[in-house]
Amino acid sequence: MGQAKARGPYAGTPARKAEIVRAARESFAENGYAKASLRDIADRAGITHTGLVHHFRNKDELLAEVLAARDSEEWQQGLAQVDSPDQLAPYLGELIRHHQKAPELMRLWIELAAAASRPDHPAHTYFIERYERGRAQFAEGLHDEAARSKLREDLSPERAAVLFHAVLNGLQLQWVLDQDLDIVGPINDFVRMLLDRDDR
């Protein structure tokens, strides 16, 4: 078992929480959500079970934090790597292949998103805000003059953003159900349908 560090209960809280989230992400990916235990996660993080529950009351809270952290990482990567329409499809292909390396996390994300559709679910507000932010960011990118010139003439950036998230999430759901399915090719096809406007 890992040795807990002798620190005050609030010392280094952000760093400690980040370490717990990293440990939880590893445990969920390796063991699945149902089999992952708080004690295993605490051991991976090098703290006691009591120390872990000081920060996170249960696995549900930890799962939501794991997925939120992954979202945050991917938002930052997207902002850094995609600054023109031509870079969108390659970035998405890379992102999907990265997700496919951890199918259990993909499955957990899909399950949590569905459960959070209930207004009383703890993650309900998070998912509403996540999709609002994602749609706004995607639409904002398409309002750029260069991107707007490539977008299908009969499609607004706002509607394209809704379609984009529907297709991306729907393809990942299909892959979780059938992991032999190619979804990188279809996402590339979809981006071309959105952006490769031919004005000739």
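Below you will find a few notes about this structure. These numbers were taken from a predicted model, which means no experiment stands behind them. (Residues numbered from 1 in each chain as written. Predicted model: local features only at pLDDT ≥ 70, side-chain atom pairs only at ≥ 80, totals over all residues. Heavy atoms only, no water.)

Overview of the layout of surface pockets
This is how the line gets drawn: Cavity and pocket criteria rest on a 1 Å grid covering protein atoms alone: a 1.4 Å probe that fits but cannot get out defines a cavity, protein on both sides within 12 Å along at least 5 of 7 lines defines an open pocket, and an atom within 4 Å of a point defines a lining residue. Grid points are joined across faces, edges and corners, and a volume is the space filled by probe spheres set on the points. Numbered from the N terminus, helices here are DSSP runs of H or I no shorter than four residues, and strands are runs of E no shorter than two.
One number sums up the size of the largest pocket: a volume of about 810 Å³. If you go around the largest pocket, you meet 34 residues; those closest to its centre are Trp-75, Leu-88, Gln-137, Phe-138 and Phe-164. Elements with a minimum of two residues in the lining of the largest pocket: helix H4 (59-81), helix H5 (88-100), helix H6 (103-115), helix H7 (124-142), helix H8 (145-148) and helix H9 (157-177). The biggest single contributor to the lining of the largest pocket is H7, with 7 residues.

Some thoughts on the environment of Thr-13
Keep this limit in mind: Residue burial is assigned from relative accessible area. The probe radius is 1.4 Å, only protein chains are included, and a residue is buried under 20% of its type maximum, exposed over 50%, and partly exposed in between.
Among the secondary structure elements, Thr-13 is positioned in helix H1 (residues 13-31). Its relative accessible area of 21% is what places Thr-13 among the partly exposed residues.

Thoughts on the environment of His-98
The residue His-98 is located in helix H5 in this model. A residue is classified by how much of its surface remains accessible, and His-98, at 44% relative accessible area, is partly exposed. In this structure the C-alpha to C-alpha distance between His-98 and Ala-68, which are 30 residues apart in sequence, comes to 16 Å.

Thoughts on the packing of H4 against H7
Stated precisely, the cut-off is as follows: Whenever a helix is involved, its axis is fitted only over the stretch in contact; in every case the axis is a line through C-alpha atoms, and angles between N-to-C directions fall within 0 to 180 degrees. By the definition adopted for this analysis, an angle is roughly parallel if under 35 degrees, roughly antiparallel if over 145, roughly perpendicular if from 65 to 115, and oblique otherwise. We call two residues in contact whenever any of their non-hydrogen atoms come within 4.5 Å of each other.
Here H4 crosses H7 at 5°, and the two axes come no closer than 13 Å. Considered as vectors, H4 and H7 are oriented roughly parallel to each other. Packed against H4, whose contacting residues are Leu-67, Ala-68, Asp-71, Trp-75 and Leu-79, the element H7 presents Tyr-126, Arg-130, Arg-133, Gly-134 and Gln-137 at the interface.

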